[in-house]
Amino acid sequence: LRLRPLGIKVLSLFFIDKVANYRAYDADGNPRPGKYAAIFEEAYAQLIRKPKYNDLFKSVDIESAADGVHDGYFAVDKKGRVKDSRGEGKTKADESVYQLIMRDKERLLSFDSKLKFIFSHSALREGWDNPNVFQICTLNESASTIKKRQEIGRGLRIAVNQKGERVHGFEVNTLTVMANESYEEFARQL
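Just so you know, these numbers come straight off a predicted model, no measurement behind them.

**Q** Any details on the environment of Phe-186? Residues and values, ideally.
**A** Among the secondary structure elements, Phe-186 is positioned in helix H5 (residues 181–189). Residue Phe-186 is classed as buried on the basis of its relative accessible area of 11%. C-alpha of Phe-186 to C-alpha of Thr-145: the two residues are 41 residues apart in sequence and 7.9 Å apart in space. If sequence neighbours within four positions are ignored, Phe-186 has contacts with Thr-145, Lys-148, Arg-149 and Ile-152.

**Q** Just give me the short version of the nonpolar core, but keep the residues and values in it.
**A** Of all hydrophobic cores here, the largest spans 17 residues; its most connected members are Ile-16, Tyr-22, Tyr-44, Phe-117 and Phe-119. Counting only elements with at least two residues in this core, the list comes to strand S1 (11–16), helix H1 (35–47) and strand S7 (117–120). With four residues, H1 is the largest single contributor of residues to this core. Those residues in contact with Phe-117, other than ones at most four positions away along the chain, are Ser-12, Phe-14, Phe-40, Tyr-44, Val-69, His-70 and Asp-71. Ranked by size, the runner-up nonpolar core spans 15 residues in total, among them Phe-15, Leu-108, Val-133 and Ile-136.

**Q** Please set out the side chain of Ser-120 residue by residue, giving values where relevant.
**A** Note on placement: Ser-120 falls in strand S7. Excluding anything up to four places from it in sequence, Ser-120 contacts Phe-14, Phe-15, Ile-16, Tyr-73 and Phe-74.

**Q** Mind laying out the layout of surface pockets, listing which residues take part and the relevant values?
**A** Taken as a whole, the largest pocket spans an internal volume of roughly 1200 Å³. In this structure, the largest pocket is lined by 40 residues; those nearest its centre are Tyr-44, Leu-56, Phe-57, Lys-116 and Phe-117. Mapped onto the lining of the largest pocket, the elements with two or more residues apiece are S1, H1, strand S8 (133–139) and strand S11 (176–178). Class assignment of the residues belonging to the lining of the largest pocket gives a composition of 24 nonpolar, seven polar and nine charged. Here the second largest pocket defines a volume of roughly 270 Å³. Across the lining of the second largest pocket, the residue classes tally to ten nonpolar, four polar and one charged.

**Q** Any details on the packing of aromatic side chains? Residues and values, ideally.
**A** Tallying each qualifying case throughout the model produces eight aromatic pairs. Considering the side-chain rings of Phe-14 and Phe-119, the 4.3 Å spacing of their centres and the 10 degrees angle between planes classify their relative orientation as stacked. Placement of the pair is Phe-14 in strand S1 and Phe-119 in strand S7, with a sequence separation of 105 residues. Judged on exposure class, the residue Phe-14 and its partner Phe-119 are both buried. On the numbers, 6.1 Å between centres and 85 degrees between planes, the contact of Tyr-44 with Phe-57 is edge-to-face. Of the two residues, Tyr-44 is situated in helix H1 and Phe-57 in the loop between H1 and strand S4 (70–73); the sequence distance between them amounts to 13 residues. A single burial state applies to Tyr-44 and to Phe-57, both of which are buried. What links up through ring pairs into an aromatic cluster is the set Phe-14, Tyr-22, Phe-40, Tyr-44, Phe-57, Phe-117 and Phe-119.

**Q** Tell me what's going on with the sheet that holds S8, and back it up with residues and numbers.
**A** If you trace the five strands from one edge of the open sheet to the other, you get S4-S7-S1-S8-S11, paired in parallel fashion. Unpaired on one side and paired on the other, S4 and S11 mark the two borders of the sheet. Strand after strand, the sheet turns through a mean of 20 degrees between neighbouring axes, direction not considered. Pairing of S1 with S7 involves four bridges; the strand directions are parallel. Residue pairing in the sheet places Phe-14 in a bridge with Phe-119 of S7.

**Q** Account for the pairing of S8, with residues named and values stated.
**A** Of all seven residues in S8, five are buried; the element is thus mostly enclosed. Bridge count between S1 and S8: six bridges; the pairing is parallel. Within S8, the position partnered with Phe-15 by the bridge is Thr-138.

Thresholds, definitions, all that
- All residue numbers here refer to positions counted from 1 along the written sequence of the relevant chain.
- It should be noted that, the model being predicted, local features are given only for residues of pLDDT at least 70 and side-chain atom pairs only at 80 or more, the latter also being counted only at that level, while totals for whole chains, interfaces and linings use all residues.
- Excluding hydrogens and water, the side-chain values take into account all heavy atoms of the structure.
- A run of H or I in DSSP counts as a helix once it spans at least four residues, and a run of E counts as a strand once it spans at least two, with each numbered from the N terminus.
- Exposure is judged per residue with a 1.4 Å probe applied to protein chains only, and the accessible area is read against the type maximum: over 50% gives exposed, under 20% gives buried, and values in between give partly exposed.
- Should any heavy atoms of two residues lie within 4.5 Å, those residues are counted as being in contact.
- Only buried Ala, Val, Leu, Ile, Met, Phe, Trp, Tyr and Cys residues count toward a nonpolar core, and they belong to the same one when joined by side-chain atoms within 4.5 Å.
- The pocket and cavity definitions rest on a 1 Å grid over protein atoms only: a 1.4 Å probe that fits but cannot leave marks a cavity, an open set with protein on both sides within 12 Å along at least five of seven lines marks a pocket, and residues lining either have an atom within 4 Å of a point.
- Grid points are joined across faces, edges and corners, and a volume is the space filled by probe spheres set on the points.
- Asp, Glu, Lys and Arg are counted as charged, while Ala, Val, Leu, Ile, Met, Phe, Trp, Tyr, Cys and Pro are counted as nonpolar; the rest, among them Gly, fall into the polar class.
- What counts as a ring pair is set by centres within 6.5 Å for rings of Phe, Tyr and Trp (its six-membered ring), and what kind of pair is set by the plane angle: stacked under 30 degrees, edge-to-face over 60, tilted for all other angles.
- In this description, strands pair whenever DSSP reports at least two bridges between them.
- In this analysis an axis means a line fitted to C-alpha atoms, helices contributing only their contacting stretch, and an angle means the value between N-to-C directions, from 0 to 180 degrees.

So far we have only geometry, and geometry alone does not tell us how the molecule works.
This is the structure:
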């Protein structure tokens, strides 16, 4: 609500504990939403109906609004199933998400792209520099200080508007971390 009028698209990044919690498979190997995706879609559908968000969703079919606003970026095994390790996906859908998230940052940051909420197991911890991550949610446990620094680092970039210009100042560039207990003390010290 606050940053869209400035031409800034807000991204949120979720680091999850298991890929299966976001994307599961049926008996035939077809992907289906895991519990995190289902919870996200339910909460998103409820929140976008609130009057305070009317300006953001006036031209959106709120019955199908959650479709396309979230996706996961995960490594894939030889059978085409996502796995709990690093690397890029190998299916067409994974390749499309990979291209958008890793290669086409301008399109990802454009209001034309619906994707705003990115779920990752380990693939985006390092080597991914995107300036418009304003929220990081940790749905994983980690004892590694280096891993936590890499994850927090995804949200420590100066924002970019729709013209590709950096937008300076703390009134814009504030990272919110929704942390589990192991992150709370780490984030406070950082």
